[in-house]
Amino acid sequence: RLASGSLDLSICVWDAYSGGLLRAIPTAHKIFVMSLCFDPKESGILASASFDQIHVWDVVTGALKKSFEGHCYAVFSPDGRTIATASPNRERDVLLVDAETGAMRLRMVGYAKDFSSAAWSVDGTMIASGGSYDGVCKVWDSSTGALFRSTNVRSRICSVAWARDAVRDEKCAAFAMGQHP
């Protein structure tokens, strides 16, 4: 399956092979959807559409399962128990919150300006985050919140992702995609 968030405020779930529409969630948010992430069981989809709120939608029924206030740029951990998120207009920190309750587990302090993306390593031990305007990609230990590595890519970062073969201590495989000045 493939999910899309649109300027018309909707979320759609598509059959990736046939291209057929499986579920449409019309007017899912008040502004356009900025990020989407399936939970590991693919029964829910996490959507961020504003600088203040994330929603988890049921993929089958289209019903709203949960909402969390004060978060954006959200992504599920590989086991689905934790959400990495941010609140750039407020703290400008990476937050790890419980996926069921929304309770904060860890706060990773580190951006002077807004950041735009976060991604979990495949094994869930690290989180990469990209500073939208400061051009800094940071890698954090997800169990302690300790900063593992920080790299200035000298460009505005739009997105970060992990290589599937990334291994801690062998290499830091977070990849920053930015807009060059």
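In this report, we go over the structure that sits alongside the text. (Residues numbered from 1 in each chain as written. Predicted model: local features only at pLDDT ≥ 70, side-chain atom pairs only at ≥ 80, totals over all residues. Heavy atoms only, no water.)

1. Quick look at the side chain of S142
Along the chain, the position of S142 falls in the loop between strand 14 (136-141) and strand 15 (147-152). With a relative accessible area of 13%, S142 lands in the buried category. Among the polar contacts listed, one links the side chain of S142 to the backbone oxygen of G124, at a separation of 2.6 Å. Ignoring sequence-local partners within four residues, the contact set of S142 consists of L96, L106, W120, G124, T125, M126 and I127. (Helix = DSSP H or I, 4+ residues; strand = E, 2+ residues; numbered from the N terminus. Buried < 20%, exposed > 50% of the residue type's maximum accessible area, 1.4 Å probe, protein only. Polar contact = N/O pair within 3.5 Å; in protein donor to acceptor, adjacent residues only side chain to side chain. Contact = heavy atoms within 4.5 Å.)

2. Quick word on the nonpolar core
The biggest cluster of nonpolar side chains holds 20 residues, and the ones touching the most others in it are L46, F76, I83, L96 and I127. Those elements that place two or more of their residues in this core are strand 6 (53-58), strand 8 (72-76), strand 9 (82-86), strand 10 (94-98), strand 11 (104-108) and strand 12 (117-120). Discounting residues that sit within four places of it in the chain, F76 has contacts with C37, F38, D39, L46, V56, T82, I83, A99 and W120. One finds V33, A47, W57 and V59 within the second-largest nonpolar core, a separate group that totals nine residues. (Core = buried A, V, L, I, M, F, W, Y, C linked by side-chain atoms within 4.5 Å.)

3. Section: the pairing of strand 10
Judged by how many residues are buried, strand 10 sits mostly within the fold: five of five residues are covered. Residues of strand 10 alternate between two faces, with V94, L96 and D98 on one and L95 and V97 on the opposite face, all of them buried. Of the pairings in the sheet, the one linking strand 9 to strand 10 comprises five bridges and is antiparallel in character. By the bridge assignment, T85 is partnered in strand 10 with L95. Note: strand 10 against strand 11, four bridges, orientation antiparallel. (Pairing = 2+ DSSP bridges.)

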